[in-house]
Amino acid sequence: MTNTLQTIRDWLRYAVSRFENSDIFYGHGTDNSYDEAVWLVMSALHLPHDTLDNFLDARLTAEENQHLATLIEKRVSEHTPTAYLVNEAWLRGYKFYVDERVIVPRSFIAELLENGLQPWVEFPEMVESAADICTGSGCLGILLAEAFPNAHIDVIDISADAIDVSNINIQRYGLEDQVQAVQSDMFTALKGRKYDVIISNPPYVDAPSMAELPAEYRQEPQLALGSGEAGLDHTHTLLSQASEYLNDGGVLIVEIGHNRDALHEAYPDLPFTWLDTSGGDQFVFMLTKEDLAEAGLQAG
């Protein structure tokens with residue numbers, strides 16, 4: 001059926017039609033069939049997305065036709081996220097390598113790093129150390145390095161696979177001298193280390209939601225999604241231990257999904273500062289080391 005498709009324009013039309021006539025779920029970088037089709041087709045052909053208009057009527061080789069046919073079929077019939085099909089994901093204009101060993105990057109914290117976490121970090125150039133806990137592909141750690149060029153960055157994950165993928169991205173951005181990938185169950189392997197900034201987009205899906213995830217999300221490492229019955233197990237660890245690893249005046253920034261009410265119920269005395277993002281002020285909180293100490297959340 002695809003033998004008559006000759007140009008990129010043809011393949012985009014075909015992909016959109018297939019996606020519209022399917023039950024695939026968007027949410028790994030796009031929210032509609034057209035953007036998904038552009039991403040898949042252009043990335044599969046190794047063409048920059050912003051050159052689409054230049055290549056719409058370019059004819060494909062037989063090998064390229066077969067490749068696109070295979071990828072579109074996998075997207076529709078197997079619900080494989082496009083990020084895995086083309087081994088790339090985008091976050092705030094940065095491209096990262098991804099595969100099935102890590103979740104597809106998506107985080108509101110990336111927005112906050114664009115201005116160096118100001119005004120909560122007054123002088124980004126004075127940040128000397130930062131960590132990204134539960135880093136996955138290393139994407140937020142790389143954005144930390146961009147935001148704080150004078151800082152040493154640790155990206156931490158329990159998964160050896162995630163560490164391997166993080167190192168791919170660290171090397172692609174030439175940040176080997178600034179960013180180190182550390183395999184660790186949260187803080188376990190970080191004894192003695194101190195940071196000015198700790199960020200984390202940890203697993204936070206609660207048990208009921210895990211049971212209802214779309215097929216695309218079930219292809220991601222489940223270890224990187226679920227966090228106990230209420231979705232807060234990893235956040236509890238961050239809150240109970242972060243003060244030991246923060247320098248005086250240091251800040252902890254955590255993304256928690258839709259768990260704000262449950263978090264306030266669990267920690268009624270913590271003075272959470274909720275940060276504004278494109279999704280609203282419900283999803284990312286900030287606490288200082290002093291906030292944690294005053295609430296009695298000090299390791300040991």
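Quick summary incoming for the structure in this document. For every chain, the first residue of its written sequence is number 1, and the numbers climb from 1 along that sequence. The model is predicted, so local features are restricted to residues of pLDDT at least 70 and side-chain atom pairs to those at 80 or more, both for listing and for counting; the totals for chains, interfaces and linings are taken over all residues. Just so you know, side-chain values use all the structure's heavy atoms and leave hydrogens and water out.

With that out of the way, let us pick up the nonpolar core. Think of a nonpolar core as a cluster: buried Ala, Val, Leu, Ile, Met, Phe, Trp, Tyr and Cys residues, connected wherever their side-chain atoms sit within 4.5 Å. The buried label applies to any residue whose accessible area, calculated with a 1.4 Å probe on protein chains only, is under 20% of its type's maximum; exposed applies above 50%, and partly exposed to all values in between. Grouped together as the largest cluster of nonpolar side chains are 37 residues, with contacts concentrated most on Ile8, Trp11, Leu12, Phe19, Leu40 and Leu68. Where helices and strands are cited, they refer to DSSP runs of H or I of at least four residues and of E of at least two residues respectively, numbered from the N terminus. Those elements that place two or more of their residues in this core are helix H1 (8-20), helix H2 (33-44), helix H4 (62-77), helix H5 (82-86) and helix H8 (160-172). For this core, the leading source of residues is H2, giving seven residues. Beyond its immediate chain neighbours, meaning those up to four positions away, leucine 68 contacts Trp11, Leu40, Val41, Ala44, Leu45 and Leu60. Pairs of residues are marked as contacts when any of their non-hydrogen atoms sit within 4.5 Å.

It is worth spelling out the sheet that holds strand S5 (residues 179-183) at this point. Between any two strands, pairing holds if DSSP finds at least two bridges. If you walk across this open sheet you meet the seven strands as S5-S4-S3-S6-S7-S9-S8, and the pairing is mixed. Edge positions in the sheet fall to S5 and strand S8 (273-274), since each has one partner strand and no second. Examined bridge by bridge, strand S7 (residues 246-255) and strand S9 (residues 284-288) share five bridges and lie antiparallel to one another. Residue isoleucine 253 lies in a different strand from S9, and its bridge partner there is methionine 286.

Lines are fitted to the C-alpha atoms to define the axes, a helix being fitted only along its stretch in contact, and any angle between axes, read from their N-to-C directions, falls within 0 to 180 degrees. For the pair H1 and H4, interaxial distance at closest approach is 10 Å and the crossing angle is 15 degrees. The pairing of H1 with H4 is recorded here as roughly parallel in orientation. Here H1 and H4 pass one another in a crossing that is right-handed. Packed against H1, whose contacting residues are Trp11, Tyr14, Ala15, Arg18 and Phe19, the element H4 presents Asn65, Leu68, Ala69, Ile72, Glu73, Arg75 and Val76 at the interface. Note on terminology: angles under 35 degrees are roughly parallel, angles over 145 are roughly antiparallel, angles of 65 to 115 are roughly perpendicular, and the others are oblique. Helix crossings fall into two classes, left-handed where the near helix is turned counterclockwise from the far one by less than a right angle and right-handed where it is turned clockwise.

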